[in-house]
Every structure is written in C-alpha cells, then in structure tokens.
Amino acid sequence: MDVVAHSNSVLGDNNGDDSNPLRNISADVAALGEASNGGGIGEEHEALIIRLASRSADIRSIAEVCHSSELHSLLVSISESQAMPEHVLEFVGLVEDNPDYRLVVQANEMSMRIAGEILIVHRFLLDHYKTRFPELETLVRNPVEYARAVKAIGSLADITKAKLEGILPNATRMVVIVTGSTTTGRVLTSEELLRVEDASSCLLELVDAKSKIVDFIESRMPLIAPNLTEVVGSSTAAKLIVEAGSLTALSKIPSCNIQVLGKSQHTATGLSSLSIKKHAGAVYYSDVVSGVPEDFRQKMLRKVSAKCALAARVDSQNGAPDGAMGRKFREELDAQVEKLLEAAPINAIKPLPVPGEGPKRRRGGRKARKAREPYMVTELQKQRDRLQFGKFQDEVIVMDEMQGLGMMGQSVGHIRATQMNNKAKAKVAKKYEKYMKAPTGPAASGIATIAFTPVQGFELINPQADDLHRKKRAKVEQDKYFASSTPFLGKRDAP
C-alpha cells in the first residue's frame, strides 16, 4: 500500500467505507505510524489507538503485522541483500529498476505500519497489566522499557524481588520498587499473565523488526540517492522517495511541494486542527530542520526543500555518485544556519567628551562670513536693545504692536554705516560696463506728454526730442546753403 493513500484513510471508520474493515484497519495502523514518525500524535490518534487496542482480547488479532508472513518474508529479503558483497550491489541504469530500490520502498512502507502497531500493542499491554500494577504506566513511559519491566515483574507478589537491573535507570527502578510495594493491584491469573507476556514479546519483536528495517534503509539510501541522503539523511530521503512514488517523480516535484510531502492529513477526522503545523511534512522533521529554534524552522524548511529538489534531480541522472554535490548543499545549509543564529552586532557606545574642553573651533572664511552677514546684529538693533537707567524709552507702533526704541536717537555721534567690502563685490566684464552706467543727457529724465492731433488722435510726444529737432533746424538755416557742414535737407519743391 502506498503511503500517499494513508492520508485519505485516517480513521477510516468515521469517513471511509466500512465494506472492507481489514483494509480500513491497515490504513489506520499505517496512518498512526506516519503520525508517530512525524511526531504528530494528537487526541484523535489517542482515541483511535484505544479503539483498535480494545477490539479483541487476543494479541494475535490486535497485532496483525507482527504475525504476518509479509513481515517475515521482508526480513528474509533484507538479510539476503545485506549478505551480498558491495560489488554485486552496483547497478547501472534507472534507479527504479534497481532491486534494492524496490526493497527499500517496501521496507519503508512496512516500517510505518510497524510503528503504528507498536502504539496499539503498547496500549493493549497497558490496559491488561494495570490490574496488577496501575502506577507503572505513569512511572515508565517508554514502550520498550515498559514491556521489559512487565516481563521482569510478571505476577510476582513482592516486586522488590524483580530483577530490573539493566532494564530501568537506577532512579526509576528505585521509584518503581517503592511504589510497587504499596500498589493497589492484584495478582494476575495464569490466563491474564499469558496474555500480558504474549503482548510484551510481540512489542519487543516489532521493535526489533523495525530496527532491522531502518538499518537496511539507511545502508541502501547512499547507493540509491547519495546526494539526497547527504542533505536530509537516509530516513527522510527514503520517506520522500516513497511519498513521491519514485526518484524520477521526486525530481519533477518543485521545492514548494516537497515541503508537504509526508504531511499527515488529520483534518479528515473532523476534529480540531489547531495543533496541526503548516507544511509539516517529512522534511520538517528531519535533523537539519528540527535542529534549529522554532522561530527559524519555516525559513529553514524552504531552504532545505529547495536543496532536496536539486539533489533529487542530480541523483535521478546518476550524477555525483559519491555524494559530493549533496555535501556541498549541506555545507551551504549549515552556513546559513550559523548566519541565522549568530548574535546581533553590538552597537558601539560613543564615549563622552573630556570635561573642561571648550567648544570645537570651526573654520571661517569668505563663505562663512557671507553666510553670517544677514544674521549679524546691527548698531541700530544694539541701541534699541539698550536701556538708560532712570529714563523712559520712546515707543512706536509697528504692525499693531508696541515696540520700545531703547537708546535709539540718544547716543552721541553718528551711527557708522555698513562698510562695503570691495573685494567681495561681483566683477563685471569691461564690455558690459557701459550698460551699467547711469544714462545722462536731456533724454534721461524720461518726461513725455500726450498731444491730440486731428490726424492720429492721441499721440505720445517727447517734448525734449521735439525741442532738439527745432534747434537743429534753426542752426542749419543760419549756416550757408553750400557749406560742407550743412546736412541734406531734402528735395526742393518745384515753383
């Protein structure tokens, strides 16, 4: 069964088809394993575990995977593959045609089912052993340690005689012995004891089988996808390939979709989804993402997914079989993590000035003096601001306000006028100096009159120009007609 189908059958009894209960149970067990590997066990999964663990009193009916021929044949195939020498494992061609690749996909699917069944068997063991030692559930949380402690204690009336050395830590072992001496449980019957021992043995077998499968997957992933393994690890790389269907299919998936590969679809149960993490797929629970603080995980998830997409494309084309490209990607990710986690730079504290020093001298110059001139205090302003003792000052009204004149007009002597700085004056070229001179002569006054004539009506006449013309005509008439200085006076009219 493909793992993608698990998301559509989570808690199949609520939303799925009940015509095939075995198929629904298998889908639910696989969904529990997927949630267990992703760290997403919630209240709805706890309810599902209790329901599956209480459907029968026989452990063989509960643990279907543990007693199935499919698991035993898979373990045999794994042992045969691990016994082969390394040169036989070398394969040329498409990765999907590699026998070890197909075995890895099958083993990864089985590992998820085993993880889900471990949770169910553990709950079965808790429910049936609480008759003897109900406090042990709260003292020992680990399923493996709990199963081993149950096998060691069994139905002993005196728990202090149980050999718990090497099974539980010293502190936990001491608490278990003290609590067991005052427990309210009763001694189990032979039938109950047999049921509990079978459940403990089944749980330990499942854990051992899962350990072998995980070791096999991790040993084969560097041969199938070496670059992808270098980026996210062998376990996460196997999950991504199984979710995508094949390595070639994974290479065609964009990085934004790789983020959600392996995400558990808990919303199909109809219960609350507040605890569901957004885009929390297989990559989110890898070491490279889960190893950073919670605030930076979403950012690292995007970065790692992008590198996974590149590494999968390299592996699909059998590029970099030694994993050099994947190691380069992982080094870049580690450098980015260090950059994210480095402390913010400390702002330098500016020291205070040495006490006793005067103000800092500033440079002067022509521009500085020119900039200060409009704001300089004049002599008139200085006299206005002065007051003579015992005398009233004159006041004037300026813009509807009364202002005092101070000592203006009472000082002896003259107020010195502002001195012009000839060096600072703007220079004018010589050819433009004639335009700068004030006009002289009779026309400089600019006086004009308006005269009324019968031909043109109102006319603007310059009387000075008219007088100058009359004087010129009178002077010409006094001179001789043929004189050299006589100008041309026009054509004489015929008699």
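None of these values were measured; they are calculated from a predicted model. (Residues numbered from 1 in each chain as written. Predicted model: local features only at pLDDT ≥ 70, side-chain atom pairs only at ≥ 80, totals over all residues. Heavy atoms only, no water.)

Let's shift gears to the overall build of the chain. Along its length, the chain carries 22 helices and four strands. A burial count over the chain gives 33% of its 495 residues as buried. When contacts within the chain are restricted to residue pairs at least 6 apart in sequence, those whose partners lie at least 24 apart make up 60%. Accessible surface, the chain as shown: approximately 32,700 Å² in total, 54% of it carbon and sulfur. (Helix = DSSP H or I, 4+ residues; strand = E, 2+ residues; numbered from the N terminus. Buried < 20%, exposed > 50% of the residue type's maximum accessible area, 1.4 Å probe, protein only. Contact = heavy atoms within 4.5 Å. Areas by Shrake-Rupley, 256 points an atom, 1.4 Å probe, with all protein chains shown as cover.)

Taken as a whole, this structure holds 14 salt bridges when the rule is applied. A salt bridge links glutamate 70 to arginine 113, with the nearest nitrogen and oxygen atoms 3.3 Å apart. On the criterion of sequence distance, the pair formed by glutamate 70 in helix α5 (residues 69-83) and arginine 113 in helix α7 (residues 99-129) is long-range, its members being 43 residues apart. Put simply, arginine 186 and glutamate 192 hold a salt bridge, and the shortest N to O gap is 3.1 Å. Residue arginine 186 is classed as partly exposed on the basis of its relative accessible area, which comes to 40%. Here the salt bridges share partners, and the residues they tie into one network are Arg123, Asp127 and Glu137. (Salt bridge = Lys/Arg side-chain N within 4 Å of Asp/Glu carboxyl O.)

With phi around 55°, asparagine 318 is a residue other than glycine that occupies positive phi space. Mapped onto the fold, asparagine 318 is located in the loop between α17 (297-316) and α18 (324-341). Even without being a glycine, aspartate 400 presents a positive backbone phi close to 65°. Topologically, aspartate 400 is positioned in the loop between β1 (395-398) and β2 (401-404). The exposure class assigned to aspartate 400 is exposed, which follows from its relative accessible area of 79%.

At a closest axis distance of 8 Å, the pairing of α7 and helix α11 (residues 190-224) adopts a crossing angle of 155°. On the basis of their axis angle, the class for α7 and α11 is roughly antiparallel. For α7 against α11, the interelement crossing comes out left-handed. In terms of residue class, the contact of α7 with α11 is built from 24 nonpolar, five polar and five charged. (Axes fitted to C-alpha atoms, helices over the stretch in contact; angles between N-to-C directions. Parallel < 35°, antiparallel > 145°, perpendicular 65-115°, else oblique. Left-handed = near helix turned anticlockwise from the far one by under 90°. Nonpolar A, V, L, I, M, F, W, Y, C, P; charged D, E, K, R; others polar.)

Below, the discussion takes up a positive patch on the surface. A contiguous patch of positive charge on the surface is contributed by Arg366, Lys367, Arg369, Lys370 and Arg372. With respect to the helices, strands and loops of the structure, arginine 372 is situated in helix α19 (residues 366-372). (Patch = residues over 30% accessible without salt bridge, like charges linked within 9 Å, V, L, I, M, F, W, Y side chains within 5 Å. Lys, Arg positive; Asp, Glu negative; His and termini not counted. Charge placed at Lys NZ, Arg CZ, Asp CG, Glu CD.)

On to the environment of asparagine 170. The topology assignment puts asparagine 170 in helix α10 (residues 170-180). Here the side chain of asparagine 170 touches arginine 173 through a polar contact of 3.3 Å, side chain to side chain. (Polar contact = N/O pair within 3.5 Å; in protein donor to acceptor, adjacent residues only side chain to side chain.)

Here β1 pairs with β2 via four bridges, running antiparallel. Bridge pairing in β2 places valine 396 opposite glutamine 403. Where β1 folds back on β2, the antiparallel hairpin that results is connected by two residues, among which methionine 399 adopts a positive phi of roughly 55°. (Pairing = 2+ DSSP bridges.)

Right, let's talk about the environment of glutamine 336 for a bit. Locating glutamine 336 in the fold gives a position in helix α18. A relative accessible area of 28% places glutamine 336 in the partly exposed class.

Looking now at a nonpolar patch on the surface. Residues Val396, Val398 and Met399 make up a contiguous nonpolar surface patch of about 280 Å² in total accessible area. Its place among the elements puts valine 398 in strand β1. Relative accessible area serves as the criterion here: at 36%, valine 398 is assigned to the partly exposed category.

Counted by the stated rule, this structure contains one aromatic pair. Between tyrosine 284 and tyrosine 285 the ring centres are 5.2 Å apart and the planes differ by 85°, which places this aromatic pair in the edge-to-face class. With relative accessibility at 32%, the residue tyrosine 285 sits in the partly exposed group. (Phe/Tyr/Trp six-rings, centres within 6.5 Å; stacked < 30°, edge-to-face > 60°.)

Time to look at helix α3 (residues 43-53). The α-helix winds at 3.6 residues per turn, so residues separated by three or four positions along the chain end up facing the same way. Turning to α3, its buried residues are Glu44, His45, Leu48, Ile49, Leu52 and Ala53. Buried residues in α3, looked at end-on, bunch into an arc of 160°, giving them a common side. (Arc of directions from axis to C-beta.)

This part takes up the environment of lysine 328. For lysine 328, the location among the structural elements is in helix α18. The exposure class assigned to lysine 328 is partly exposed, which follows from its relative accessible area of 45%. Separated by 101 residues in the primary sequence, lysine 328 and asparagine 227 place their C-alpha atoms 9.2 Å from one another.

Residues at a pLDDT of 70 or more form 74% of the chain, whose mean pLDDT is 76. Contacts from residues 1-19, a stretch scored under 50 in pLDDT, to residues over four places away or in other chains number 35 contacts. (pLDDT = per-residue confidence, 0-100.)

Before going further, it helps to examine the packing of helix α9 (residues 143-153) against α11. The geometry of α9 relative to α11 is characterised by a closest axis approach of 9 Å and an angle of 145° between their N-to-C directions. Once α9 is placed against α11, the crossing between them reads as left-handed. Note on element contacts: α11 touches α9 through Val196, Glu197, Ser200, Ser201, Leu203, Leu204 and Val207, opposite Pro143, Val144, Ala147, Arg148, Val150 and Lys151. Considered class by class, the residues forming the contact of α9 with α11 number eight nonpolar, two polar and three charged.

Turning our attention to the side chain of serine 251. Mapped onto the fold, serine 251 is located in helix α14 (residues 247-251). The class of serine 251 is buried, set by a relative accessible area of 11%.

Let us look at the nonpolar core. In summary, soluble globular proteins display a tendency toward joint burial of nonpolar side chains. The biggest cluster of nonpolar side chains holds 88 residues, and the ones touching the most others in it are Ile213 and Leu250. In terms of residues, this core owes the most to one element, α7, which gives 14 residues. Those residues in contact with isoleucine 213 that sit more than four places away from it in its chain are Leu71, Leu74, Leu75, Ile78, Ala107, Met110, Ser111 and Ile114. (Core = buried A, V, L, I, M, F, W, Y, C linked by side-chain atoms within 4.5 Å.)

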